[in-house]
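Remarks on the overall topology
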Amino acid sequence: MEWCKSLNLYEDVSETDTIAESVSSSDGVYFVSAFSGLQAPINDDKASSLLIGMKPSTTKAHIVRSVLESLAFRFKILYETILTETRIPLSYIRADGGVCNNDFLMQLMSDLTHQHIDRAKQRGDMTSLGTAFLAGLATGVWKNKDELYDIRQSERVFEPNEETWPKYKHTFSQWERAVQRSREWYTES
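An unreviewed UniProt entry lists the chain under the name Carbohydrate kinase FGGY C-terminal domain-containing protein, from Mytilus edulis. Its UniProt record gives the chain a comment under Sequence similarities (unreviewed entry), which states: "Belongs to the FGGY kinase family."

**Quick look at the sheet that holds strand 4 (residues 117–120)**
One open sheet accounts for three strands, arranged 3-4-5; its pairing is mixed. Edge positions in the sheet fall to strand 3 (93–95) and strand 5 (154–158), since each has one partner strand and no second. For this sheet the average axis-to-axis angle between neighbouring strands, irrespective of direction, equals 25 degrees. Its contacts with the sheet place helix 4 (residues 103–113) against strand 3, strand 4 and strand 5, and it is angled at close to 50 degrees to strand 5.

**Comments concerning the environment of Ser 57**
With respect to the helices and strands, Ser 57 occurs in the loop between strand 2 (50–52) and helix 3 (60–86). Measuring from C-alpha to C-alpha, the distance between Ser 57 and Asp 27 comes to 9.0 Å, with 30 residues separating the pair along the chain.

**Concerning helix 7 (residues 164–182)**
With 19 residues, helix 7 extends 26 Å from end C-alpha to end C-alpha; this agrees with the ideal 27 Å at 1.5 Å per step. The sharpest bend along helix 7 measures roughly 35 degrees and falls at His 170. Where helix 7 is buried, its residues contact strand 1 (30–32), strand 2, helix 3 and helix 4. Immediately beyond the C-terminal end of helix 7, within one or two residues, lies Glu 184, with a positive phi of roughly 50 degrees.

**Quick look at the pattern of salt bridges**
A complete count under the given rule lists seven salt bridges for this structure. For Asp 27, the salt bridge goes to Lys 55, with nearest N and O atoms at 3.7 Å. With Asp 27 in the loop between helix 2 (16–21) and strand 1 and Lys 55 in the loop between strand 2 and helix 3, this pair connects stretches of sequence that are 28 residues apart. Owing to a relative accessible area of 36%, Lys 55 belongs among the partly exposed residues under this scheme. With a closest N to O distance of 3.3 Å, Asp 44 and Arg 183 form a salt bridge. Of this pair, Asp 44 sits in the loop between strand 1 and strand 2 while Arg 183 sits in the segment after helix 7; the two residues are 139 residues apart in sequence, bridging distant segments of the chain.

What counts as what
- Residues numbered from 1 in each chain as written.
- Predicted model: local features only at pLDDT ≥ 70, side-chain atom pairs only at ≥ 80, totals over all residues.
- Heavy atoms only, no water.
- UniProt positions renumbered as here; feature names shortened; annotations may be inferred.
- Pairing = 2+ DSSP bridges.
- Helix = DSSP H or I, 4+ residues; strand = E, 2+ residues; numbered from the N terminus.
- Axes fitted to C-alpha atoms, helices over the stretch in contact; angles between N-to-C directions.
- Contact = heavy atoms within 4.5 Å.
- Expected span 1.5 Å × (residues − 1).
- Bend = angle between axes of the 7 residues up to and from the residue.
- Salt bridge = Lys/Arg side-chain N within 4 Å of Asp/Glu carboxyl O.
- Buried < 20%, exposed > 50% of the residue type's maximum accessible area, 1.4 Å probe, protein only.

Here's what the structure looks like:
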């Protein structure tokens, strides 16, 4: 998202959901974020970032939407990997942090995983808050985890729309093709 901002695709990250929703699709534009290679579950440190499928009609909105879609697609493959490798069904997903401020992205993640996503009211510095919670549990500030559940508050729950996946299936498949093209781009020196 910072890379997009550095290209002046938006001024504030809070604008990106409105920008993405201003077009009905990414119109064949696909983005693969691999600035440091592709992380789990793909694991390719030689991969390159990729923006593919642009045409003369491509707009800033198509690019922004493709970037947000790529985040949702990465989330989908991570989610599926967790289900496959742990064989533990997940009953809900909790989200916090900066990127979850984007309603378009949160809804798409919910739709692609067919899961409810519970966005926390407290979203900034959640890693620090988690560390404080653990320290407080260890030192007796809180007696048990149940007391911590009362502190975390839900701001919104995104409910999956079952009609979205059939519409996105081809887009996701094309994004996977883009991922394959980005792989092993850099050779060893």
